[in-house]
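Inside the fold
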Amino acid sequence: QVQLVESGGGLVQAGGSLRLSCVASGSTFSSYAMGWFRQAPGKERESVAISRKSGTTYYAASVKGRFTISRDNAKNTVYLQMNSLKPEDTAVYYCAADSDYNGSYYYEYDYWGQGTQVTVSS
């Protein structure tokens with residue numbers, strides 16, 4: 001079992017930056033793929049970035065070059081640095097973990113945080 005708690009969301013103007021954090025507890029953090037996903041009102045949840053156990057990363061095309069995922073296994077924490085934010089980045093952002101899957105399909109992840117709201121004003 002893994003418990004995930006996100007923080008760092010908020011309201012920011014277009015072009016601004018935010019850093020999201022997700023602290024995990026309850027299991028061996030390094031043995032999990034960690035992902036950031038988001039869901040805007042009326043839309044399906046989508047992947048944003050994945051940090052695989054191997055150390056490699058994945059980014060959705062819409063955020064590549066603007067967002068950076070990183071993890072600190074000593075602190076059981078995964079981060080999402082978001083730069084050059086756009087109004088279309090507005091969504092609830094969720095942290096997720098899985099021990100067996102490291103892809104981008106949200107429905108494959110077993111553990112989820114409660115989400116943190118990110119709102120980007122134009």
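What this report covers is the structure whose coordinates are included nearby. (Residues numbered from 1 in each chain as written. Predicted model: local features only at pLDDT ≥ 70, side-chain atom pairs only at ≥ 80, totals over all residues. Heavy atoms only, no water.)

Our next topic: the state of the cysteines. Here the structure, examined in full by the defined rule, presents one disulfide. Bridging Cys-22 to Cys-95, the disulfide has an S-S length of 2.1 Å. Judged by the sign of its S-S torsion, about -75 degrees, the cystine formed by Cys-22 and Cys-95 is left-handed. Of the two residues, Cys-22 sits in strand S3 (residues 18–25) while Cys-95 sits in strand S9 (residues 91–98), which places them 73 residues apart along the sequence. When sorted by exposure, Cys-22 lands in the same class as Cys-95, which is buried. (Disulfide = S-S within 2.5 Å. Helix = DSSP H or I, 4+ residues; strand = E, 2+ residues; numbered from the N terminus. Buried < 20%, exposed > 50% of the residue type's maximum accessible area, 1.4 Å probe, protein only.)

The next thing to look at is the pairing of strand S8 (residues 77–82). Here S8 lies mainly inside the structure; five of its six residues are buried. Here S3 pairs with S8 via six bridges, running antiparallel. The partner of Val-23 across the bridge, within S8, is Thr-77. The pairing of strand S7 (residues 67–72) with S8 spans six bridges and is classified as antiparallel. (Pairing = 2+ DSSP bridges.)

Our next topic: the side chain of Thr-116. Position of Thr-116 relative to the elements: it lies in strand S11 (residues 116–121). A distance of 3.2 Å separates a polar atom in the side chain of Thr-116 from the backbone nitrogen of Gly-9. Residues in contact with Thr-116, not counting those within four places in the same chain, are Glu-6, Ser-7, Gly-8, Gly-9, Leu-20, Ala-91, Val-92 and Tyr-93. (Polar contact = N/O pair within 3.5 Å; in protein donor to acceptor, adjacent residues only side chain to side chain. Contact = heavy atoms within 4.5 Å.)

The next subject is the sheet that holds S3. Strands in a sheet are paired, the pairing made by backbone hydrogen bonds, and the direction either parallel or antiparallel. Read across the sheet, four strands follow the order S1-S3-S8-S7 without closing on themselves; strand pairing throughout is antiparallel. In this open sheet, the two strands that pair with only one neighbour each are strand S1 (3–7) and S7. Going from strand to strand, the sheet's axes swing by 15 degrees on average, the running direction of each strand aside. For S1 and S3, the ladder comprises five bridges, and the chain directions are antiparallel. Considered in S3, the bridge of Val-5 is made with Val-23. (Axes fitted to C-alpha atoms, helices over the stretch in contact; angles between N-to-C directions.)

We now examine the packing of aromatic side chains. Applying the stated rule across the entire model yields seven aromatic pairs. Their ring planes at 65 degrees and their centres at 5.1 Å tell us that Phe-37 and Tyr-109 sit as a pair that is edge-to-face. Note that Phe-37 is positioned in strand S4 (residues 33–39) and Tyr-109 in the loop between S9 and strand S10 (111–112), a separation of 72 residues in sequence. Pairing Tyr-101 with Tyr-109 gives two aromatic rings, centres 5.5 Å apart and planes at 80 degrees, and the pair type is edge-to-face. One aromatic cluster is present, formed by Phe-37, Tyr-94, Tyr-101, Tyr-109 and Trp-112 through successive ring pairs. Across the ring face of Tyr-94, the terminal group of Arg-45 is positioned such that the distance to the ring centre comes to 3.8 Å. The ring of Phe-29 has Arg-71 sitting right over it, with the charged end atom 4.7 Å from the ring centre. (Phe/Tyr/Trp six-rings, centres within 6.5 Å; stacked < 30°, edge-to-face > 60°. Lys NZ or Arg CZ within 6 Å of the ring centre and 35° of its normal.)

Here we take up unusual backbone geometry. One non-glycine residue, Asn-76, lies in the positive phi region at around 55 degrees. Mapped onto the elements of the fold, Asn-76 is located in the loop between S7 and S8. Asn-76 sits in the partly exposed class, given a relative accessible area of 24%. With phi around 50 degrees, Ser-84 is a residue other than glycine that occupies positive phi space. Within the secondary structure layout, Ser-84 lies in the loop between S8 and S9. When its relative accessible area of 41% is taken as the criterion, Ser-84 is described as partly exposed.

That's the geometry; what it means functionally is another story.
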